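Residues per chain are reported as follows:
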4 protein chains.
Amino acid sequence: MAALTFDSALYAGLLWDPETSQLLGDGAEISAMIRVEKALASVQGRLGIIPAEDARLLTAALDQVFLDAGALGEGMKRDGVAAPALVMELRAQINEPFANWLHWGATSQDIADLALVLRLKQILMLFRDRLDGLIGMLAELTREHRQSVALARTRSQQAAPTLFGLKAANWLQPLLRHRERIEAFLPRLGVVQFGGATGTLSALGTEGIAVMDALAEELDLERATPWHTARDRIEECAALMTMIATSLGRMGADFVLLAQSEIGEIGFAGAGGSSTLPQKQNPVVAETLVALGRFAATQIGAIHQAAIHVNERDGAAWTLEWLALPPLVAATGSALLRAGEALEALRVDPARMLANLEATRGLVLAEAASFALSAHLPRGDAQRLVKDAVAAVLKGERHLFDEIAVRTEAPIDWNALRAPLAYLSTAQALIDRVLAEADAMLGAR
Amino acid sequence: MAALTFDSALYAGLLWDPETSQLLGDGAEISAMIRVEKALASVQGRLGIIPAEDARLLTAALDQVFLDAGALGEGMKRDGVAAPALVMELRAQINEPFANWLHWGATSQDIADLALVLRLKQILMLFRDRLDGLIGMLAELTREHRQSVALARTRSQQAAPTLFGLKAANWLQPLLRHRERIEAFLPRLGVVQFGGATGTLSALGTEGIAVMDALAEELDLERATPWHTARDRIEECAALMTMIATSLGRMGADFVLLAQSEIGEIGFAGAGGSSTLPQKQNPVVAETLVALGRFAATQIGAIHQAAIHVNERDGAAWTLEWLALPPLVAATGSALLRAGEALEALRVDPARMLANLEATRGLVLAEAASFALSAHLPRGDAQRLVKDAVAAVLKGERHLFDEIAVRTEAPIDWNALRAPLAYLSTAQALIDRVLAEADAMLGAR
Amino acid sequence: MAALTFDSALYAGLLWDPETSQLLGDGAEISAMIRVEKALASVQGRLGIIPAEDARLLTAALDQVFLDAGALGEGMKRDGVAAPALVMELRAQINEPFANWLHWGATSQDIADLALVLRLKQILMLFRDRLDGLIGMLAELTREHRQSVALARTRSQQAAPTLFGLKAANWLQPLLRHRERIEAFLPRLGVVQFGGATGTLSALGTEGIAVMDALAEELDLERATPWHTARDRIEECAALMTMIATSLGRMGADFVLLAQSEIGEIGFAGAGGSSTLPQKQNPVVAETLVALGRFAATQIGAIHQAAIHVNERDGAAWTLEWLALPPLVAATGSALLRAGEALEALRVDPARMLANLEATRGLVLAEAASFALSAHLPRGDAQRLVKDAVAAVLKGERHLFDEIAVRTEAPIDWNALRAPLAYLSTAQALIDRVLAEADAMLGAR
Amino acid sequence: MAALTFDSALYAGLLWDPETSQLLGDGAEISAMIRVEKALASVQGRLGIIPAEDARLLTAALDQVFLDAGALGEGMKRDGVAAPALVMELRAQINEPFANWLHWGATSQDIADLALVLRLKQILMLFRDRLDGLIGMLAELTREHRQSVALARTRSQQAAPTLFGLKAANWLQPLLRHRERIEAFLPRLGVVQFGGATGTLSALGTEGIAVMDALAEELDLERATPWHTARDRIEECAALMTMIATSLGRMGADFVLLAQSEIGEIGFAGAGGSSTLPQKQNPVVAETLVALGRFAATQIGAIHQAAIHVNERDGAAWTLEWLALPPLVAATGSALLRAGEALEALRVDPARMLANLEATRGLVLAEAASFALSAHLPRGDAQRLVKDAVAAVLKGERHLFDEIAVRTEAPIDWNALRAPLAYLSTAQALIDRVLAEADAMLGAR
C-alpha cells in the first residue's frame, strides 16, 4: 500500500505508466493552463478586444514563465481552484502593465476545463495508439492460432472444441469497437469551454461569442456553448475508458484461467515466482489486468455522481470529478500497457490444448455426435442416445464415439468426426471476419 | 421500502413507469424469446437447413403458444438460464415431430441475448421519444424565459445576473447530445447474437454464418460476429442510460435548490405537503430525480463489473448483468417520466428572481462595474476600487453603484448598468444557439 | 431480465427468497407503520398526553383496519412519503373523533424510520438464523473432510497440499465473525426514532422525551436521540449485509473453480444442464452466489451516498436510501438461501483431489522438500537443489522426490514425505480452532 | 487533475494530509515489512526454531538495513508482491549465513498483510484522535449555540424553529458512534496473519501455531487463524472509514447550504474568492468535505469486490484491494483534517438566523399554532384554521398569528408563542443528551 498506488515506487513494477502519469501530472496541468491563457490573449489581441501590441507582449512573456505547483497550493486552498493563484502568480512574474490583460473575461473554470480537455484529448490519442498496438498484436495472435484446436468452456465446464484463434479474436473484437468509439468521441470531447464567470460571457459585451469561437479554433477544438455544469462529455470519456479497462480485464481473467496449473494452455515468460514455492509461475500481469478492470469499474461511479452538478458551478461536484478522474485514467492507461506486456510475454501451448481436449474422451464432441445422428434419427432419439453414451463414458474408460457406435448402426464416419478441425470451418470464417475488420482499421490509420 | 421499490404499489406514485416495466417484465421477455425462436425456424426453413414445411408448421405453432413465467422457474433454477426450459415447454405444448427443429443449432445465450437486444432497442426508442418530449418542453421553457433575468450562483454564492432561459438551455443541452448518442448507438446495439453452444456455430456445419446473417435480417438487426463474452455493447447502453439519468438528476438538483424557501424562484403545482407543517410545499418530484440519478450512477458499476466475463460463457458475470441492468433501466425510464411531470408542474416566478437580484444591492453587478471601470482606469485600480465598494455595501445599506460613484469620477452611466438585461445579449445569443440545435433536432424527426 | 429480477417469476428459480421478500413487501411496511402508530397512541394514552380512553379506542380500532398499498399511491406521489396518506386513510376508515389523536406529535419520518428499523431487525434476526444454519452445515463439512488431502492453489497455480476441511473452515471463519457482528449490531440498529417535524419534539411541549423513551420501550427498542439525518446505522446495517454477501460470493467463486471440468473436485447434485451439450453439469447455484456478492458490493455505494443527507430532512437522499436498500437486502437474503442450497447439493470427491495432487508428480511438495533438505544443507543450497529438480520434473516424467534423490545424499525418508497428511497436522489444528469457535457459537444459542 | 490528486502539490491546499500520506507511503510499508520479518526471527529464535544466536544477529542486522522502494520494483513486477524481492534484498545487504533464516516458514502474504494491519492500526488510532478533536470542537459549538434559535429546513423548505446547537449536535452524534466503532473494531482488526505458503503452516512442522501465537504477542496483536482469503476485516475497516467520510460529507453539505448567499447563516474565515467576482466568499472547505465523502462512498465498492478472493490466494482480488484501499484511507484522513479546518474557520451568525426566521412572518410557527389551537378546538378544525391563515399570509403582508387571531377567539397568548425559544426546551434537552455522551467519551480517554 502506497500513498496512491499508481504513484508508488514500490508498486511501479506492477502499475507504472510514465506517459499517462506525465499527462496527469501537475506540470502538464500548469502548462496546459498557461497554454489556454496564452491562446486567449492571442485571440483577444487579434479581435481587438485587448490592445494588439499588449497581446503580443503578453503571449511572448507567457512563453518565458515558469511556475512551480507548490506556489499555487495556498491559492488552491483559498479558492478551491488553481486558476486565480495562477493568474496572480503569472502577473507577478511578468510584472508589466500588459499582464493585466491576462485572463480577460475568463473564469477559472474556463481555464481548468480547457486544460482538462486538451490533456484528455492527448490521453485519448495516446490510448488510441496503444489500442492500435494491441489490435496488431492480437490480430497476429489470432492469425497464428487460426488452426489451433482448443477447448471452449462455458459456465466453467468443458463444452466443445473451438480454436484458440477464436478466443484471441474475441479478445480483439471489443477493442476494434473501442477504437471506433474513440474516433467518434474525440470531436465530441474536443470542444471549447468559455463562458466567463457564470456562463453568460457578459464581461465581453457583444464580443463573447466571437472570442469563444476564435478560442476554439486557436486551440484546435470544436465550437460549443459553455458547458460548465453539463458534464456529460466527461462522463462519456470516463465510460469509454472504463469499457477499455474492463475489456482488457476480461482478457486478463481468461489468461488467469487458461494459465491454471490444471489447464496450462498458456503461460507467461518471466512469470512471477513465490517466496517459498519454487515450482510456481504466477500470471501476475494477467491478474493485474483483472484488478485494473475492476478498479476502473468502481471509479466510474464517482464520475457519474459528479455529473449531478448544481447551479452555475458546483464546487463539491467539481472536486469529486477531480478526485475520481485521475485514478480512472491511470488505471486505463496502465491496463493498456500491461495488456501489451502480457501479450508480449504470452506463451501458447497448442499441444497442451489438444491433450486437454483428448483427455475428455470425446465428451466435448457430444454436440457434434448429436447433430450427426440427427441426420439419421429423430432429434429426440439422437439426444437420448448421446446422453446415455455420455453417462457410460463418465463411468468407464471408453471414448464417446465408441460408446455411441455400439448403440446405433447409423452410417456415420466416426473417425472423421474425431478431428475437430473438421467442424471448425465456420469458426475460421468468424476469425476471418474479425481479422478483416482489424486489417481495415489498422490499414486506415 | 418494498420488495423492490420500482415494483411496489406503495411507491408507485413516486416511481411507476408502466411502459418500461412492461418491457422489462417476464411476459415481454418470454415473448421476445419466442419471437427469436420463430425467426430462427423461419430462416432455417428458407435456407433449407430444416424442412421448409416443418418450418412453416413450427412458426405457425409458435404463434399459438402461451407460456407462463412460473412454468420456467424450475428450469431456470436447474439451468441458470430460461431457454432450455422454454424450449422443452414449447415442444411439449406443440407436441408434434416438427417441434424437434425448434432451437436448431442455437444456444441458450443466443436466445437470451437476442431477446435482450430486441427489448433494449424498444426501450431505447421509447427513451428517445421521451427525450424528444423533454427537449420540446425545455425548448419552450427556454424560449419563454429568454428575457427573464435571474441570479447565477456559483459555488453556492450569488454571482452575477443571468437569464432563467439560459438555465433552462443548460438543462436542455446535454439532452440534445443524449438524443444524438441514442441515434448513433442504436445500430451498434441492434446486432444479431448467434454463435451456437460455444460461439463457433459448428453445429450448423458450413451454414452457420448464412443462418446468422439471415437471422439478423429477419429480426431487423445488424450483422455481427458472436459476442457472447464481449459485453461492451451492454456497457455502452448502460452508460448512456446512466448519463441520461444523471443529466435529469442534475436538473432535479437545481430544481430543489431554486425551490428552497429562501430562494423561491420556482415551485411545483401540487407539490407535496407535510404531515404536520401546513405551510410547506415540498419539491418531491425534483428530489426523486436526484435520487434516481444517484441510483443509476451506482448500478452502472455492476454492469462494468459484469463485462469481465470469462471463457466462452460466464454464468456468474452474466447473472450479475441480469441483476443490475433492470434497476438501471427502470431508474432511467422513471427519471424520464418524472422529468416530464416536473416540467409540467413547474411554476417559474420571474418577479421573485428580480426581487432576489435587487436584494443584492448591486453586489452581483461587481463584475460588470469592474469591466466598465476598466475602460477608464488600469484594471488593477478598477478591481481595487470595486473591492472597496463591495466591502462598504456589505457593511452599509447602499447600492454598489452608489458606493462606486462616490469613489470615482469615471464617466459611466450607472443607471444604464442597473438594468442587467443590457449585459445579457450574449446570453441570449447562447440561448438561441441551443434552441437552434433543438429545433433542428425536433424538426428532423 | 425482469422488471426487477428478484421479483420476477421467471427468475424465481435462481433468486427467490420468500421470507425476505415478504419482509420487504408493501404489506409488511404498512403493517409496521400501523404498529408504530398504535404504539405511539398507546404510550401517549398512558402518559396522559392524549385521553386514555381515546387511546384505548384508537389502538383497538387500529387492530381492525386494513389498508391496501394502492390506496396510498397518490399520497406518496404528492408527499414523497407514505405516512401522511396512511394517516389520512386510517382516520377515514376509523371515522371517529378519537382518530384525531392518531400520529400526535409525530412526523412522517418517525413512522417510516421506525417501520424500517422494526423490519430490519426482523430481517437481521432471520439472517442470523440462516447464518447459524450455514455455520452448522459448514462445520459438518469441515469435520467430515478434516483428513481429506487436497491441493491448495495460490494465484491460480497448484501450490502445496492442504486439507479440504481447511478450505471449508476458511469459508466458515468469516461467517462466525458476521454472526458476532450481527449480535453486536442489533442493539445499535434497534433504536427508537422519534423527533417530530424537525427533530426537536417541540410539538409535545415538555413531554417529548418522555414519549420518545416510552415509545422505545413499547416497541422493544433502545433509547436514542432523533437521527433523522444521521444515517450511519443504516450504513452499518448495509455494510454488514454486503460483507455477508461477499463472504458467500467468495465461497461461490471457489465452488465454481473447484467444479471446473479439469479440476472436478466438487460438483452439485442436480447441477444445470445446457440446451445443447448433454455432458455438462453447470454449477449454477455457485455462479449465482458470485453474482449476488458482486451485486451487493455495488448497491452499498448508494447507501453510503445516501448518508450525505442535508438539513433536517433530505428528500433526495432519503429516496435514494429507499431505492438501494431493498435490492441489497434481497441480494443478501437470497445469497444466504442459495448458500444453503449449494451446501446441500455439494458433492465432494476426495479421490479426485488425491488424483489431482498425485498428477503433480511431487511438484506441490517442493516446499516440503526444501524444508526437509534445509535440515541438512544451507537453505540457499537446498532451494537451488529443489529448483533444479523442479525444472527436471517439468521436462521429464519423474516424481520430484526421485529427481531430488539423485541430486543429494541427505538422509531423508522420501517415502514418508510422499504422504501429505504427515505435514498437515497443523492444518488439522487450525481446523480444530475454527470448529471450536463454531461449536461455541452454536452451543451458545 | 494530477497523477493522483491526493499526492499532487497543486491540489495539496485542498487535500493534503501529511500524517496519513506518510503512513500510506512506500517508506512506511517497507519499514513495517522489515519490522514483521524482525519479529518473526525474534520469535523463532526464542522458540528454538532457528538458532537463538542467529536470530539475535539477524534482528540486530535488520535494525541497520536501509531499503529503497525503487530497488523492489523489478521484483514487484515479477512476483506481484514485494516480499520476495524484499527478502532477497535484505539477504544481499546483510550478506551473512544467518540471513538465510530470514522469512523462515512465512509466505509473502503473511508479511504484506501484517505490514498492512500494523499500519491500519496506526491509521485508525490517528483517526480516533482526530475524531476526538472534532468531537471536542463540535461539543463546544453545540454548547455555545444551545440557545441560538435557527430555522429547521426539511425537504429544502423552511419548516419550524430549531436551535443551531441542535444542528451541531446532529453533526456530532454520528461521530460519537464512529468513535465507539473504532474502539470496538481495533481488536478485531489488530490480529496476526501467519499461515505460510498456503495457510497450513506446514513448513513449520508442529511448531506453526506456536510461532503464529508468539508472533501475535510480539507484534501486540490478537491471535487468529490465517485469513489470507477471508478479507472481512479489511471490508469492515473500509466500511468504517467510509462512514466517517460520509458523516463529515454530510456536515460539509449542510455547511454549503447554510452558507448560501440567500441564507448566510454561516461563513468561513478566509473563504475562497473568485477570479472575477470580488463580492464572493466560496465555502471551499465545505465543498471539499462533500467531494471526499462521495469519493469514499465510491471506493468502498472496490473493497467489497476484492473480498471475493478465490482459492488459497487470489492475485487479482488482492491487487484490487491494494488499488482501492489507499484512496479510501487518504480520503477519510483528508476529510478528518478538512473538517477540523472548517470548524476552525466557521463563523456562525445568530442574528441572521433570527432575521431569516422572522422574515417568514410566522409561517414556520404554523405547527406550534396548530398544536396550541388543538387545546381549544378539535384537531381537524385547528388544522383547517391554520391552513387558511397560512394561505392568507402567503398572499398578504401580515404575521401568521395576526391572521389566526382574527379567525378565532381561542384564549391563546400569541405574543408568548412568538418567542421560539419557548418551544425549544426539549431541543435543549436533546442537546444535553448528546453533550453528556460526548463529555463521557472525551472524559473516558
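Given the structure is predicted, the values throughout are model-derived calculations rather than measurements. (Residues numbered from 1 in each chain as written. Chains lettered and ligands numbered in written order. Predicted model: local features only at pLDDT ≥ 70, side-chain atom pairs only at ≥ 80, totals over all residues. Heavy atoms only, no water.)

In terms of helices and strands, chain A carries 18 helices and four strands. Its C-alpha radius of gyration of 29 Å places chain A more than 25% over the 22 Å reference for a compact globule of 445 residues. C-alpha extents for chain A along the principal axes are approximately 100 × 50 × 40 Å. Put simply, chain A has 445 residues, and 71% of those count as buried. Put simply, 75% of the contacts in chain A that link residues at least 6 apart link residues at least 24 apart. For chain A, the accessible surface area stands at approximately 13,000 Å², while carbon and sulfur atoms represent 52% of it. Averaging the positions of the 40 positive and the 53 negative side-chain charges in chain A gives two centres separated by 7 Å. (Helix = DSSP H or I, 4+ residues; strand = E, 2+ residues; numbered from the N terminus. Rg over C-alpha atoms; globule rule 2.2 N^0.38 Å. Buried < 20%, exposed > 50% of the residue type's maximum accessible area, 1.4 Å probe, protein only. Contact = heavy atoms within 4.5 Å. Areas by Shrake-Rupley, 256 points an atom, 1.4 Å probe, with all protein chains shown as cover. Lys, Arg positive; Asp, Glu negative; His and termini not counted. Charge placed at Lys NZ, Arg CZ, Asp CG, Glu CD.)

As a further point, take helix α14 (residues 366-374) of chain B. Burial analysis of α14(B) places nine of its nine residues in the buried class, the great majority of the element. Structurally, α14(B) contributes buried residues whose contacts are with α15 (379-395), α16 (400-405) and α17 (414-417) of chain B.

For these two chains of identical sequence, chain B goes onto chain A by a turn of 180 degrees and a shift of 0.0 Å along the axis, with RMSD 0.1 Å. Look at the turn and shift together and you get a two-fold axis relating the two. Most of the interface of chain B is mirrored in chain A: 100% of its interface residues are interface residues there too. (Least-squares fit on C-alpha atoms with pLDDT ≥ 70 in both.)

So, on to the environment of D:Gln383. Structurally, D:Gln383 can be placed in helix α15 (residues 379-395). Judged by its relative accessible area of 28%, D:Gln383 falls in the partly exposed class.

All right, on to the interface of chain B and chain A then. Opposite the 94 residues of chain B that make contact, chain A presents 94 residues. Taken together, the two surfaces of chain B and chain A that pack against each other cover about 7,600 Å², and 54% of this comes from carbon and sulfur. B:Arg181 is the partner of A:Glu236 in a salt bridge, and the nearest nitrogen-oxygen pair spans 2.8 Å. The interface formed by chain B and chain A holds 34 residue pairs in polar contact (both at pLDDT 80 or more) in total. (Buried area = accessible area lost by both parts, 1.4 Å probe. Salt bridge = Lys/Arg side-chain N within 4 Å of Asp/Glu carboxyl O. Polar contact = N/O pair within 3.5 Å; in protein donor to acceptor, adjacent residues only side chain to side chain.)

For A:Asn95, which is not glycine, the phi dihedral falls at a positive 55 degrees. Secondary-structure assignment places A:Asn95 in the loop between α6 (83-94) and α7 (108-144). Residue classification places A:Asn95 among the exposed residues on the basis of a relative accessible area of 62%. Its identity is not glycine, yet B:Ser156 carries a phi of approximately 75 degrees, on the positive side. Following the sequence through the fold, B:Ser156 ends up in the loop between β1 (149-154) and β2 (157-163). Residue B:Ser156 is classed as buried on the basis of its relative accessible area of 10%.

Residue and element names in this part refer to chain B. β2 sits mainly inside the fold: seven of its seven residues count as buried. Pairing of β1 with β2 involves six bridges; the strand directions are antiparallel. Following the sheet pairing, Val 149 is matched in β2 by Leu 163. (Pairing = 2+ DSSP bridges.)

Many authors give the size of an interface as the accessible area that is lost as the parts come together. On the side of chain C, 33 residues touch chain A, which itself brings 33 residues to the contact. Summing both partners gives a buried area of about 3,100 Å² for chain A against chain C, and 50% of it is carried by carbon and sulfur. Its salt-bridge partner being C:Glu262, residue A:Arg153 comes within 2.6 Å of it at the nearest N-O pair. On the surface where chain A and chain C come into contact, there are 13 residue pairs in polar contact (both at pLDDT 80 or more). Breaking the side of chain A that touches chain C down by element, the ones donating at least two residues are β1 (149-154), β2 (157-163), α10 (232-258), α11 (284-306), α14 (366-374) and α15 (379-395) of chain A. Of the residues belonging to the side of chain A that touches chain C, the class tally is 14 nonpolar, eleven polar and eight charged. (Nonpolar A, V, L, I, M, F, W, Y, C, P; charged D, E, K, R; others polar.)

Residue and element names in this part refer to chain C. Following both chains from N to C, one finds helix α14 (residues 366-373) and helix α15 (residues 379-395) inclined at 145 degrees, their axes separated by 8 Å at the closest point. As α14 packs across α15, the resulting crossing turns out to be right-handed. Facing α14, whose interface residues are Ala 366, Ala 369, Ser 370, Phe 371 and Leu 373, α15 presents Arg 379, Ala 382, Gln 383, Leu 385, Val 386 and Val 390. Looking at the contact of α14 with α15, its residues break down into eight nonpolar, two polar and one charged. (Axes fitted to C-alpha atoms, helices over the stretch in contact; angles between N-to-C directions. Left-handed = near helix turned anticlockwise from the far one by under 90°.)

This paragraph deals with the relation of the copies chain A and chain C. For the pair chain A and chain C, the superposition axis carries a translation of 0.0 Å, the fit reaches an RMSD of 0.1 Å, and the rotation angle comes to 180 degrees. A shared interface surface links the copies, since 100% of the contact residues of chain A are contact residues in chain C too.

Tallying each qualifying case throughout the model produces 36 aromatic pairs over all chains. With a centroid separation of 4.7 Å and an interplanar angle of 55 degrees, the aromatic rings of A:Trp318 and A:Trp322 are classed as tilted. Taken as a pair, A:Trp318 and A:Trp322 lie in helix α12 (residues 315-345) at a separation of four residues, close to a single helical turn. Pair check on accessibility: A:Trp318 and A:Trp322 agree, each one buried. Judged by centre distance (5.9 Å) and plane angle (50 degrees), the rings of B:Phe6 and B:Phe295 are tilted. Taken together, the residues B:Phe6 in the segment before α1 (12-15) and B:Phe295 in helix α11 (residues 284-306) connect sequence positions 289 residues apart. Across the pair, B:Phe295 and B:Phe6 agree in class, each one buried. (Phe/Tyr/Trp six-rings, centres within 6.5 Å; stacked < 30°, edge-to-face > 60°.)

It is worth spelling out the packing of α7(A) against α10(A) at this point. Residue and element names in this part refer to chain A. Between α7 and α10, the shortest axis-to-axis distance is 12 Å and the interhelical angle comes to 25 degrees. Here α7 lies roughly parallel to α10, going by the angle between them. When you trace α7 past α10, the crossing you get is left-handed. Note on element contacts: α10 touches α7 through Ile 234, Cys 237, Met 241, Ile 244, Leu 248 and Met 251, opposite Leu 116, Leu 120, Ile 123, Leu 124, Phe 127, Leu 131, Leu 134 and Leu 138. (Parallel < 35°, antiparallel > 145°, perpendicular 65-115°, else oblique.)

Another point: the environment of D:Asp63. When you line up the elements, D:Asp63 lands in the loop between α4 (52-62) and α5 (73-79). Reaching out from D:Asp63, the side chain makes a polar contact with the side chain of D:Lys38 at a distance of 2.8 Å.

All names here are of chain A. Following the criterion strictly, the structure yields 126 salt bridges over all chains and no others. In this structure, Asp 439 and Arg 143 form a salt bridge, with 3.0 Å as the shortest nitrogen-oxygen distance. A residue pair is termed long-range when its members are at least 10 positions apart, and Asp 439 in helix α18 (residues 425-443) and Arg 143 in helix α7 qualify at 296 residues. By relative accessible area, which is 36% here, Asp 439 ends up partly exposed. Since its relative accessible area comes to 43%, Arg 143 is described here as partly exposed. Among the charged side chains, a salt-bridge network with shared partners connects Arg 128, Asp 129, Asp 132, Arg 179 and Glu 183.

Before going further, it helps to spend a moment on the domain arrangement of chain A. Residues and elements named next belong to chain A. Its domain assignment divides chain A into domain 1 (7-106 + 195-225), domain 2 (116-191 + 227-354) and domain 3 (355-443). The C-alpha centroid of domain 2 is placed 33 Å from the C-alpha centroid of domain 1. Listed by partner, the interface residues are 29 residues for domain 1 and 29 residues for domain 2. Taken over both partners, the interface formed by domain 1 and domain 2 buries close to 2,100 Å², and the fraction arising from carbon and sulfur atoms is 63%. Ranking the residues of domain 1 by area buried against domain 2 places Leu 23, Leu 24 and Leu 221 at the top, with a combined share of 25%. Viewed at the interface, domain 2 and domain 1 are joined by three salt bridges. A salt bridge links Asp 17 to Arg 130; the shortest N-O distance between them is 2.7 Å. Taken together, the connections running from domain 1 to domain 2 amount to eleven residue pairs in polar contact (both at pLDDT 80 or more). Secondary-structure elements contributing two or more residues to the side of domain 1 that touches domain 2 are α1 (12-15), α2 (18-24) and α3 (26-46). Looking at the side of domain 1 that touches domain 2 residue by residue, the classes come out as 14 nonpolar, eight polar and seven charged. (Domains from an automatic or database assignment.)

This next bit is on the side chain of C:Lys121. All names here are of chain C. Within the secondary structure, Lys 121 sits in helix α7 (residues 108-144). Among buried charged residues, Lys 121 stands out as having no salt bridge; its nearest opposite-charge side chain is Asp 220, 4.3 Å away. A distance of 3.1 Å separates the side chain of Lys 121 from the backbone oxygen of Asp 220, its partner in a polar contact.

End to end, α15(A) covers 25 Å across 17 residues, agreeing with the expected 24 Å (1.5 Å per residue, within 8%). Residues A:Arg379, A:Gly380, A:Ala382, A:Leu385, A:Val386, A:Ala389, A:Val390, A:Ala392 and A:Val393 constitute the buried set of α15(A). Residues of α15(A) that are buried make contact with α14 and α16 (400-405) of chain A together with α6 (83-94) of chain B. (Expected span 1.5 Å × (residues − 1).)

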